[in-house]
Amino acid sequence: MINSVLETVIQQVRPLARQGRVATYIPELGKQDPDLLGIAMASVQGEVWTAGDWDRKFTMQSISKVVSLGLAMVEIGEERVFSRVGVDPTADPFNSIMRLEMVAPHRPQNPLINAGAIVTLSLLPHGEARERFEAVRDLARRLTGSQDLNLDEAVYLSEKETSDRNRSLAYFMRSVGVLEGDIEDILDSYFMQCSLSVNARDLAVMGATLASGGVNPFTGERVLPSKVCRVLRALMATCGLYDGSGEFAVRVGVPAKSGVGGGIVASVPMRYGIGVFGPALDPKGNSLGGIAMLEKLSQELSLRVL
Ligand code: DON
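Under an unreviewed UniProt entry, the protein has the name Glutaminase and belongs to Thermanaerovibrio acidaminovorans. Under Subunit (unreviewed entry), UniProt gives the following word-for-word description of the protein: "Homotetramer." Recorded under Sequence similarities (unreviewed entry), the UniProt text for the protein is reproduced unchanged: "Belongs to the glutaminase family."

Written out as structure tokens, the structure reads:
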């Protein structure tokens, strides 16, 4: 039954999804096929259903911020993380610098916007970019249950060469004392984590692991403490789609996190994880088809929790 619901959702959303635009500010992402649409759903009991282009690989981009935040909470503790980064939603785009400059003490408002994710990564107790990245990648592999989670070298280099905005955010934060350390090295690990390559099924399993309170339903491993999962889901619900988070909560009603690669991970507490993929984005940088698929699925299977 669920397989046919997923197939129907893809067919219904396809005409709308075509109206989105692939991200071009990272040149390599501009090469993606805007017509791709994939969906996967995993239960906390360990069932999985897939449809469309569910096995196509794409980069996690901002979805990786959930992983690095979870890692930071485990490695240095919730209190230390949230003494450096806030927990409030913004009404600004994901890479905005405006509020950071205007509001003292210039602390990023939450860990899911770019500034907050860069500060979060800087707090990890690992020596260099590669080590920080490998720690994030290893947690991502355990959350998804997939060993086949690797760096997309072309996307990584493409972002590294063009990311003036993230550099501006980072150097500004250093100038006001909220970011410490080797800025280029911290940014390098940020670009690497954003370029981790996954498919929709990987995201569905990650969502199910967060939904179950931290136990991966497919490997049986406890990957994160349940309290960390509660915080991650709360921040996904309030900040996961940036300035589109309120509208998403009204339309879909499920904690979720988007990325400009076209993926969205959603987590329905104690029930399901969902991964959607559609690289054509809306003006806020969220997958147009992905949001529409999640909205239809939420209605069809009564998934709303917000
Ligand atoms: O830093 C950036 O701009 C990208 N690597 C990630 C942004 C992103 O995914 C925003 N999400 N919708």
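A.B. asks: Whenever I open this one, the overall build of the protein confuses me. Can you help?
C.D. replies: Of the regular secondary structure elements, the protein holds 13 helices and 8 strands. Taken against the 2.2 N^0.38 rule, which gives 19 Å for 306 residues, the C-alpha radius of gyration of the protein at 18 Å falls within 12% of a compact globule. For the C-alpha atoms alone, the extent of the protein along its principal axes is close to 55 × 40 × 35 Å. Across the 306 residues of the protein, 54% fall into the buried class.

A.B. asks: Is there a simple way to explain the pairing of strand β2 (residues 48-52) in this structure?
C.D. replies: Regular strands show a simple pattern: their side chains alternate between the two faces of the sheet. Burial analysis of β2 places 4 of its 5 residues in the buried class, which makes it a mostly covered element. From the end of strand β1 (residues 38-43) to the start of β2, which pair antiparallel, there are 4 residues, and G46 there has a positive phi angle of about 95°.

A.B. asks: I tried to follow the environment of G214 on my own but got confused; where do I start?
C.D. replies: Examined against the element boundaries, G214 turns out to sit in the loop between α10 (200-211) and α11 (226-239). Once the C-alpha coordinates of G214 and C229 are considered, the two residues, 15 residues apart in sequence, prove to be 6.2 Å apart.

A.B. asks: Would you mind showing me how to read the confidence of the model for the protein here?
C.D. replies: Caution applies to low-pLDDT parts of the model: their predicted coordinates are not meant to be read in detail. For the protein, per-residue confidence averages 97 on the pLDDT scale, and 100% of positions sit at 70 or higher. The secondary-structure element of the protein with the lowest mean pLDDT is helix α4 (residues 98-102), recorded at 89, while α10 shows the highest, at 99. Complex prediction metrics read pTM 0.98 and ipTM 0.98.

A.B. asks: Can you help me understand the sheet that holds strand β6 (residues 256-258) in this one?
C.D. replies: In sheet architecture, strand pairing relies on hydrogen bonds along the backbone and comes in two forms, parallel and antiparallel. Across the sheet, which stays open at both edges, the 5 strands sit in the order β2-β1-β8-β7-β6 with antiparallel pairing between neighbours. One side of each edge strand has no neighbouring strand; the edge strands of this open sheet are β2 and β6. The mean angle between the axes of side-by-side strands here comes to 10°, regardless of whether they run parallel or antiparallel. Taken together, the 5 bridges between β1 and β2 define a ladder with antiparallel strand orientation. Note on β2: the bridge partner recorded for G38 is G52. Its contacts with the sheet put α10 on β1, β2, β7 (263-268) and β8 (272-277), and the angle it makes with β8 is roughly 150°. Sitting on the sheet, helix α13 (residues 288-301) touches β1, β6, β7 and β8, and the angle it makes with β8 is about 145°.

A.B. asks: Mind showing me how you'd approach the UniProt feature "binding site: substrate" (unreviewed entry) in the protein here?
C.D. replies: Mapped onto this structure's residue numbering, the UniProt feature "binding site: substrate" (unreviewed entry) falls at S62, N114, E159, N166, Y190, Y242 and V260. Relative to the helices and strands, S62 resides in the loop between β3 (58-59) and α2 (64-76). On the neighbour-count criterion, S62 (27 C-beta atoms within 10 Å) is buried. In this structure, S62 is in contact with F94, L112, K257, S258, G259 and V260, ignoring residues within four places of it in sequence. Tracing the backbone shows V260 in the loop between β6 and β7. When near neighbours in sequence (up to four residues on either side) are disregarded, V260 contacts A23, L29, Q61, S62, L281 and G285.

A.B. asks: What is the right way to look at the sheet that holds strand β5 (residues 196-198) in this model?
C.D. replies: Spatially, the 3 strands line up as an open sheet ordered β3-β5-β4, and their pairing is antiparallel. Two strands lie at the open edges of the sheet, namely β3 and β4 (150-151), each paired on one side alone. Where β3 meets β5, 2 bridges bridge the pair, whose relative direction is antiparallel. When the sheet's bridge partners are listed, T59 is paired in β5 with S197.

A.B. asks: Looking at this structure, I do not really get the pairing of β7. What am I missing?
C.D. replies: For β7, the tally of buried residues reaches 6 of 6 residues, placing the bulk of the element in the interior. Neither face of β7 is exposed, since G263, V265 and S267 on one face and I264, A266 and V268 on the opposite face are all buried. Inspection of the sheet shows β6 paired to β7 by 3 bridges, in the antiparallel sense. Residue pairing for β7: A256 is matched across the bridge by A266. Counting the residues in the hairpin turn of β6 and β7 gives 4 residues, including G262, whose phi is positive at 105°.

A.B. asks: Explain unusual backbone geometry here, please?
C.D. replies: Glycine aside, residues mostly have negative phi angles, and peptide bonds mostly take the trans form. At the junction of A104 and P105, the peptide bond is cis and its omega measures out at 10° in the coordinates. Counting through the fold element by element, P105 comes out in the loop between α4 and α5 (114-122). Notably, Y242 is not glycine yet its phi reads approximately 55°, a positive angle. Residue placement: Y242 occurs in the loop between α11 and α12 (245-251). Assessed through the 24 C-beta atoms surrounding it within 10 Å, Y242 is described here as buried. Even without being a glycine, M270 presents a positive backbone phi close to 65°.

Here is what the cut-offs are and how they apply
- Residues numbered from 1 in each chain as written.
- Predicted model: local features only at pLDDT ≥ 70, side-chain atom pairs only at ≥ 80, totals over all residues.
- UniProt positions renumbered as here; feature names shortened; annotations may be inferred.
- Helix = DSSP H or I, 4+ residues; strand = E, 2+ residues; numbered from the N terminus.
- Rg over C-alpha atoms; globule rule 2.2 N^0.38 Å.
- Buried ≥ 20, exposed ≤ 12 C-beta atoms within 10 Å, placed from the backbone.
- Pairing = 2+ DSSP bridges.
- pLDDT = per-residue confidence, 0-100.
- Axes fitted to C-alpha atoms, helices over the stretch in contact; angles between N-to-C directions.
- Contact = placed C-beta atoms within 7 Å.

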